[in-house]
Amino acid sequence: RELGKYIILDNSSPYFGGALGNDSLLGCINKINPNEVVLPDIVGNFEETIRRSLEFINQINIEDLKIMAVPQGDSLEEYTECYNLFSSDKRIDVIGLSYTVDNLFSDKIIPLNYINSREYLISLLYKNNIINPNKEHHLLGFNNSGHIELEKLNMFSFIRSCDSSTAYATAKQNIEINNNVHYKKPKIS
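The rules behind each value
- Residues numbered from 1 in each chain as written.
- Predicted model: local features only at pLDDT ≥ 70, side-chain atom pairs only at ≥ 80, totals over all residues.
- Heavy atoms only, no water.
- Phe/Tyr/Trp six-rings, centres within 6.5 Å; stacked < 30°, edge-to-face > 60°.
- Helix = DSSP H or I, 4+ residues; strand = E, 2+ residues; numbered from the N terminus.
- Buried < 20%, exposed > 50% of the residue type's maximum accessible area, 1.4 Å probe, protein only.
- Pairing = 2+ DSSP bridges.
- Right-handed = clockwise from strand over helix to strand, strands pointing away.
- Core = buried A, V, L, I, M, F, W, Y, C linked by side-chain atoms within 4.5 Å.
- Contact = heavy atoms within 4.5 Å.
- Axes fitted to C-alpha atoms, helices over the stretch in contact; angles between N-to-C directions.
- Parallel < 35°, antiparallel > 145°, perpendicular 65-115°, else oblique.
- Left-handed = near helix turned anticlockwise from the far one by under 90°.
- Nonpolar A, V, L, I, M, F, W, Y, C, P; charged D, E, K, R; others polar.

**With respect to the packing of aromatic side chains**
The relative placement of two aromatic rings is captured by the distance of their centres and the angle of their planes.
Here is step 1 of the chain: Evaluation of the coordinates by the stated rule reveals five aromatic pairs.
Here is step 2 of the chain: An angle of 25 degrees between the planes, with centres 6.2 Å apart, marks the rings of Y126 and F158 as stacked. With Y126 in helix α5 (residues 117–127) and F158 in the loop between α6 (146–153) and β6 (159–163), this pair connects stretches of sequence that are 32 residues apart.
Here is step 3 of the chain: Classification of Y126 by relative accessible area gives partly exposed; the value is 44%.
Here is step 4 of the chain: On the basis of relative accessibility, which here comes to 6%, the residue F158 falls in the buried class.
Here is step 5 of the chain: Considering the side-chain rings of F156 and F158, the 5.1 Å spacing of their centres and the 35 degrees angle between planes classify their relative orientation as tilted. Taken as a pair, F156 and F158 share a single burial class, namely buried.

**Quick word on the pairing of strand β5 (residues 136–140)**
Here is step 1 of the chain: In terms of burial, β5 is largely enclosed, as four of its five residues are buried.
Here is step 2 of the chain: Of the strand pairs in this sheet, β5 and β6 are connected by four bridges, and their pairing is parallel. Note on β6: the bridge partner recorded for H138 is S161.
Here is step 3 of the chain: For the crossover that starts at β5, traverses α6 and ends in the parallel β6, the hand is right-handed.

**Points about the nonpolar core**
Here is step 1 of the chain: With 36 residues, the main nonpolar core has I67, Y79, I92 and I122 as its most contacted residues.
Here is step 2 of the chain: Contributing elements (two or more residues each) for this core: α2 (22–32), α3 (46–59), β3 (66–69), α4 (76–88), β4 (94–98) and α5.
Here is step 3 of the chain: Contact partners of I67, with chain neighbours within four places excluded, come to V37, L39, I57, I60, R91, I92, D93 and V94.
Here is step 4 of the chain: Residues V38, V70, V94 and L140 belong to the second largest nonpolar core, which totals five residues.

**What to know about the sheet that holds strand β1 (residues 8–9)**
Here is step 1 of the chain: Taken in spatial order, the six strands make up an open sheet running β1-β2-β3-β4-β5-β6, and their pairing is parallel. Of all strands in the sheet, those with a lone pairing partner are β1 and β6, marking the two edges.

**So, the packing of α5 against α6**
Here is step 1 of the chain: In contact at an axis separation of 10 Å, α5 and α6 are set at 15 degrees when each is read in the N-to-C sense. For the element pair α5 / α6, the angle class is roughly parallel. Every pair of crossing elements has a handedness; the one defined by α5 and α6 is right-handed. Contacts between α5 and α6 involve R118, E119 and I122 from the former and E149, K152 and L153 from the latter.
Here is step 2 of the chain: Of the residues contributing to the contact of α5 with α6, the split by class is two nonpolar, no polar and four charged.

Written out as structure tokens, the structure reads:
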């Protein structure tokens, strides 16, 4: 941060099955001094994500720290309710859109013109006027063929940024990324 870099502190939810505990997350904030922190969320768990996120946001009071919330749910209805709650909360600056939303469409076939579940989800939210265009949105991670997803989502001005280990993982495995050519994201070892 002293070098002028913008630091987002993630909560590690997709990697550990749930976000770090509040005390651990606060400890990381104090050590790292990020510009932005991702509130605790639990992949696919609507009620716990809301409870943990609101509990944590009420616990912290750090000046100049932006807050990102990540909607979750076990169904499109739950996800949408969580999204609406977070996107209307004035304490939340950014909505994180995770790549881990496949569960929302497990009983549906995603149309072939969509690269993945997240692109389809964003399209549905946008078409149904659910997206809050006045809030910044951040893409949390990429799955397979993330470069194609990013190119397709570039049309949405509310998406401000993205992060992913894809560039590192594909370079380490000597996977070439070409326009319009799909690839499977390797696991990082």
